[in-house]
Amino acid sequence: MIDACGAAQSVLVLGATSEIAGATVARLAEGGRLERVVLAGRPGRGRVAAAGRVTALRVPAVELVDFDARDRVGHEGVIDVAFDGGDIDVALLAWGVLPEEDSVRAAPLAAAEVVDVNCTAVVTTLLAATRRMRAQGHGVIVVLSSAGAVRPRGSTAVYGATKAGVDALATALGDTLAGSGVSILVVRPGFVRTRMTAGRRPPPLAVGPEDVAAAIVANLGRGSRTVWVPASMRYAMAALAVTPRSIFRRLPI
Ligand SMILES: NC(=O)c1ccc[n+]([C@@H]2O[C@H](COP(=O)([O-])OP(=O)(O)OC[C@H]3O[C@@H](n4cnc5c(N)ncnc54)[C@H](OP(=O)(O)O)[C@@H]3O)[C@@H](O)[C@H]2O)c1
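Okay, so let's go over this structure. Within each chain, residues carry numbers counting from 1 in the order of the written sequence. Totals for whole chains, interfaces and linings use all residues, but because this is a predicted model, local features are given only for residues with pLDDT of at least 70 and pairs of side-chain atoms are given and counted only at 80 or more. No hydrogens and no water enter the side-chain calculation; it runs on all heavy atoms of the structure.

1. Section: helix α7 (residues 209-220)
A rise of 1.5 Å per residue sets the reference length of α7, with its 12 residues, at 16 Å; its end C-alpha atoms lie 17 Å apart and thus fit the reference within 8%. Along α7, the residues classified as buried are Pro-209, Val-212, Ala-213, Ala-215, Ile-216, Val-217, Asn-219 and Leu-220. Looking at the packing, one finds that the buried side of α7 touches α1 (19-29), β4 (90-93), β5 (139-144), β6 (182-189) and β7 (226-229). Helix numbers and strand numbers start at the N terminus; a helix is a DSSP run of H or I with at least 4 residues, a strand a run of E with at least 2. The span you would expect from a helix comes to 1.5 Å times its residue count less one. Classification of residues uses two cut-offs on accessible area relative to the type maximum, computed with a 1.4 Å probe and protein chains only: under 20% is buried, over 50% is exposed, and between them is partly exposed. Contacts were defined at the residue level, with two residues in contact if any of their heavy atoms lie within 4.5 Å.

In structure tokens:
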């Protein structure tokens, strides 16, 4: 169970090698209560290294489950394996790809694959995780959306569209869970300095994965439904949301 400080005993990470997920697990382990971490991701050296980092945090049980976001048929099975091994307090949906916009614009099938990975796979895993969490009667599902989801921009239209879909589903589904003991926390970071954004110039409100982790853990015990990182991003996006389209499309963002 999650206590008022956000301390959890068991975590399922979908996106085993995600830097944001790694920082979040490290933060959760700080209290010393974390007993079980299930790392679901593609097999390989990155996942082995991620498991080593969790073990180094003195988490007693670290389990590996194969998860490929493109394999939608297998997703319910991935969720079932994790929940069959014991209650999951926190499920973190933290995989994703950020494609070069020009390359996916030029290759519609590649764009469709981005949609499969970033959006369709959230539909399948989120619905499956919600069903299992409802049955256990408690827990939080953390969904990595993006600040840009509230108004996708032309420079990242395909990625932004996937995040808009994810954000809409997670927010609406979260409303159906009121009173169930289960909640969905929609996380809307701006630019985060991770492998995903390597080589891109950080904008003024850029943060590190530890900042996202701190915001997630702080909001777990509060029953929050949405968290912006940094918090000021909420106001920046509120202003952008009402910016006339003729101006918005010219902004260098
Ligand atoms: N970084 C940012 O600026 C930012 C901002 C807002 C939201 N987000 C969101 O936050 C989440 C985590 O991002 P991050 O910054 O931590 O990125 P990251 O460190 O690059 O991690 C991305 C993760 O996605 C996994 N992945 C990619 N394709 C996959 C597939 N087909 N099947 C299974 N896993 C796959 C990668 O696994 P492999 O090791 O197998 O490749 C890796 O674990 C993403 O949803 C991202 O969209 C990030």
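2. Concerning the packing of aromatic side chains
Two rings belonging to Phe, Tyr or Trp (six-membered ring only in the last case) form a pair when the distance between their centres is within 6.5 Å. Interplanar angles under 30 degrees mark stacking, angles over 60 mark edge-to-face geometry, and anything in between is tilted. With the rule as written, the count across this model stands at one aromatic pair. Here the aromatic rings of Phe-67 and Trp-95 are separated by 5.0 Å at their centres, their planes lie at 70°, and the arrangement is edge-to-face. Taken together, the positions of Phe-67 in the loop between β3 (61-66) and α3 (75-84) and Trp-95 in the loop between β4 and α4 (101-106) put the pair 28 residues apart, joining distant regions of the chain. By the burial criterion, Phe-67 is buried, and Trp-95 matches it.

3. Details of the pattern of salt bridges
We count a salt bridge whenever a side-chain nitrogen from Lys or Arg sits within 4 Å of a carboxyl oxygen from Asp or Glu. As enumerated under the stated definition, the model contains 12 salt bridges in all. Among the salt bridges present, the one from Glu-113 reaches Arg-70, with a minimum N-O distance of 3.8 Å. Remark: Arg-70 occurs in the loop between β3 and α3 and Glu-113 occurs in helix α5 (residues 108-136); sequence separation between them is 43 residues. What makes Glu-113 partly exposed here is its relative accessible area of 39%. Of the residues examined, Arg-70 reaches a relative accessible area of 44% and is grouped as partly exposed.

4. Regarding the sheet that holds strand β1 (residues 10-14)
Reading across the sheet, the seven strands line up as β3-β2-β1-β4-β5-β6-β7 and stay open at both edges, with parallel pairing between neighbours. Edge positions in the sheet fall to β3 and β7, since each of these pairs with one other strand and no more. Averaged over all pairs of adjacent strands, the angle between their axes in this sheet comes to 15°, without regard to strand direction. Across the sheet, α7 lies against β4, β5, β6 and β7, angled at about 155° from β6, the strand it touches most. Each pair of strands is called paired provided DSSP finds at least two bridges between the two strands. Axes here mean lines fitted to C-alpha atoms, for a helix over just the part in contact, with angles spanning 0 to 180 degrees between N-to-C directions.

5. Re the site of the ligand
For this description, a residue counts as near a given molecule or strand if any of its non-hydrogen atoms is within 4 Å of it. Every one of the 28 residues lining the ligand counts as a neighbour, but Thr-17, Trp-95, Tyr-159, Val-192 and Thr-194 are closest to it. Distance and chemistry together define a polar contact, namely a pair of N or O atoms within 3.5 Å, with one atom able to donate a hydrogen and the other to accept it when in protein, and with adjacent residues in sequence counting only for side-chain atoms on both sides. One of the backbone nitrogen or oxygen atoms of Gly-96 is found 3.0 Å away from an oxygen atom of the ligand. Within the complex, 92% of the 900 Å² of free accessible area of the ligand lies under protein. Sorting the residues of the shell around the ligand by element identifies α1 and α6 (157-176) as the ones contributing at least two each. Methods summary: accessible areas were calculated by the Shrake-Rupley approach with a probe of 1.4 Å, and residue burial reflects only the protein chains presented.

6. Concerning the layout of surface pockets
A 1.4 Å probe that fits into a set of points on a 1 Å grid over the protein atoms alone but cannot get out defines a cavity; an open set with protein on both sides within 12 Å along at least five of seven lines defines a pocket, and lining residues are those with an atom within 4 Å of a point. Grid points are joined across faces, edges and corners, and a volume is the space filled by probe spheres set on the points. In this model, the second largest pocket occupies a volume close to 190 Å³. Taken together, 17 residues line the second largest pocket, and the ones lying closest to its centre are Ser-18, Ala-21, Gly-22, Ala-23 and Arg-53. When residues in the lining of the second largest pocket are grouped by element, the largest group, six residues, is from α1. Of the residues assigned to the lining of the second largest pocket, the class counts are 11 nonpolar, three polar and three charged. When residue character is reported, Ala, Val, Leu, Ile, Met, Phe, Trp, Tyr, Cys and Pro are called nonpolar, Asp, Glu, Lys and Arg charged, and the others, Gly included, polar.

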